[in-house]
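Per-entry structural report
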Amino acid sequence: MRKYWSFFKMRLMAGLQYRAAALAGMSTQFAWGAMEILLYRAFWLEHPERFPMGMEALASYIWLQQAFLTLFAMWQWEYDILESVKTGAVSYELLRPADMYSMWMSRSIANRLARAALRMVPVILVASLLPAPWGLRVRISPAAFGVFLLSMALMVLVVCAYSLFVCSLTFYLTDPNGIMVLSVAAADLLGGAIVPLPFLPEGFRRFAELTPFASMQNVPLRIFSGDIPLGEAPSVMGLQVFWAAALILTGYLLTRGGLRRAVILGG
């Protein structure tokens, strides 16, 4: 376990070096978050009774979405892992005295945490200073905040496990670009990135809530904003646990199977 923790810390420290990229990302997220809230605000003023979420809860959802974007954005692929599998450089990973999938998981978690750590505090701080209903809702009980943090941890596991699941498919595919594009589109639509899931038609929303994408940003952000009451949190977090375990197991087995069938030229 110590070697994986050391690998995690090294990747985390390396990721924290990209401050200029984080600054550029923050400016984009402030602008995008403000535009989204203004758009929803216009519709809310026209027909507030038709909104499945309160405007204050929706604004909190959007600001948290911008603050933690790099934690759950599916387009943040582990391109170095994908490239190493495609080129055969993955053979060097086999020389390490550690399980390769576990190293990949620690690398993926560290990369996402490093990107989020550089930008989430300024976004949350500024958004929490904005007046209602434009700003981030900070009236949350200690119990709800603890459930939110636990759900965020499960969300990171689901996101990283799904990303590594796609990476493991590279062992069996000539080119993974097709499934990567489909995964990003599905995650944006079914995970609440384009619109929060309560805004989807009921039948489609129920289907989306059963997919692994709904166990990503949808659950923790709606818990924090109060759209998912504490009484309903155990059931939706149970789905997070299920998808995290299922994706980790599937990715691990696919990686082991891919390594057994891999042929490394030259030896």
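For clarity, every value in this text was computed on a predicted model and none was experimentally measured.

Here the focus is the overall build of the protein chain. Each helix and strand counted, the protein chain has 13 helices and zero strands in total. From first element to last, N terminus to C terminus, the protein chain shows the α and β order α-α-α-α-α-α-α-α-α-α-α-α-α. When each of the 267 residues of the protein chain is scored for burial, the buried share is 47%. By element, 69% of the accessible surface of the protein chain is carried by carbon and sulfur atoms, the whole surface being about 13,300 Å².

A cluster of nonpolar side chains, L189, I194, F204 and F207, forms an exposed patch at the surface whose accessible area comes to about 370 Å². Here F207 shows up in helix 11 (residues 202–209).

For the pair helix 7 (residues 100–117) and helix 9 (residues 142–169), the least separation of the axes is 10 Å and the interaxial angle reads 125°. The orientation of helix 7 relative to helix 9 falls into the category oblique. Note on packing geometry: the crossing formed by helix 7 with helix 9 is right-handed. Residues Y101, W104, M105, S108, I109 and R112 of helix 7 form the contact with helix 9, whose participating residues are V156, L157, V159, C160, A161, S163 and L164. Class assignment of the residues belonging to the contact of helix 7 with helix 9 gives a composition of 10 nonpolar, two polar and one charged.

The tally for this structure, following the rule as stated, stands at five salt bridges. Here E202 and R206 are joined by a salt bridge, their closest N and O atoms 3.0 Å apart. Residue E202 and its partner R206 are both found in helix 11; the two are separated by four residues, about one turn of the helix. Between E209 and R205 there is a salt bridge, with the nearest N and O atoms lying 3.0 Å from each other. Residue E209 and its partner R205 are located together in helix 11, separated by four residues, close to a single helical turn. Given the relative accessible area of 19%, R205 is considered buried.

Tracing the backbone through its elements, the reader meets E36 in helix 2 (residues 19–46). In this structure, E36 is in contact with I62, Q65, Q66 and I194, ignoring residues within four places of it in sequence.

Looking now at helix 7. Helical periodicity: at 3.6 residues per turn, an α-helix aligns residues three or four positions apart in one direction. Along its 18 residues, helix 7 runs 26 Å from first to last C-alpha, staying within 8% of the 26 Å computed at 1.5 Å per residue. Burial within helix 7 is extensive, with 14 of its 18 residues counted as buried.

This paragraph deals with the packing of aromatic side chains. Throughout the structure, instances matching the rule amount to 12 aromatic pairs. Taken together, a centroid distance of 6.0 Å and an interplanar angle of 35° make the contact between F145 and F148 tilted. One end of the pair is F145 and the other is F148, both in helix 9 and three residues apart, which spans about a single turn. For F145, a relative accessible area of 36% gives the class partly exposed. Of the residues examined, F148 reaches a relative accessible area of 4% and is grouped as buried.

Here we take up the confidence of the model for the protein chain. In the predicted model, the protein chain carries a mean pLDDT of 83, and the fraction of residues at 70 or more is 87%. Mean pLDDT values for the elements of the protein chain range from 57 in helix 1 (residues 2–15) up to 93 in helix 11.

Further remarks concern the environment of V195. When you line up the elements, V195 lands in the loop between helix 10 (177–190) and helix 11. Sequence separation between V195 and E36 is 159 residues; the distance between their C-alpha atoms is 9.9 Å. With residues near it in sequence (within four places) discarded, V195 still touches Y40 and L200.

What counts, and at which threshold
Residues numbered from 1 in each chain as written. Predicted model: local features only at pLDDT ≥ 70, side-chain atom pairs only at ≥ 80, totals over all residues. Heavy atoms only, no water. Helix = DSSP H or I, 4+ residues; strand = E, 2+ residues; numbered from the N terminus. Buried < 20%, exposed > 50% of the residue type's maximum accessible area, 1.4 Å probe, protein only. Areas by Shrake-Rupley, 256 points an atom, 1.4 Å probe, with all protein chains shown as cover. Patch = residues over 30% accessible without salt bridge, like charges linked within 9 Å, V, L, I, M, F, W, Y side chains within 5 Å. Salt bridge = Lys/Arg side-chain N within 4 Å of Asp/Glu carboxyl O. Axes fitted to C-alpha atoms, helices over the stretch in contact; angles between N-to-C directions. Parallel < 35°, antiparallel > 145°, perpendicular 65-115°, else oblique. Left-handed = near helix turned anticlockwise from the far one by under 90°. Contact = heavy atoms within 4.5 Å. Nonpolar A, V, L, I, M, F, W, Y, C, P; charged D, E, K, R; others polar. Expected span 1.5 Å × (residues − 1). Phe/Tyr/Trp six-rings, centres within 6.5 Å; stacked < 30°, edge-to-face > 60°. pLDDT = per-residue confidence, 0-100.

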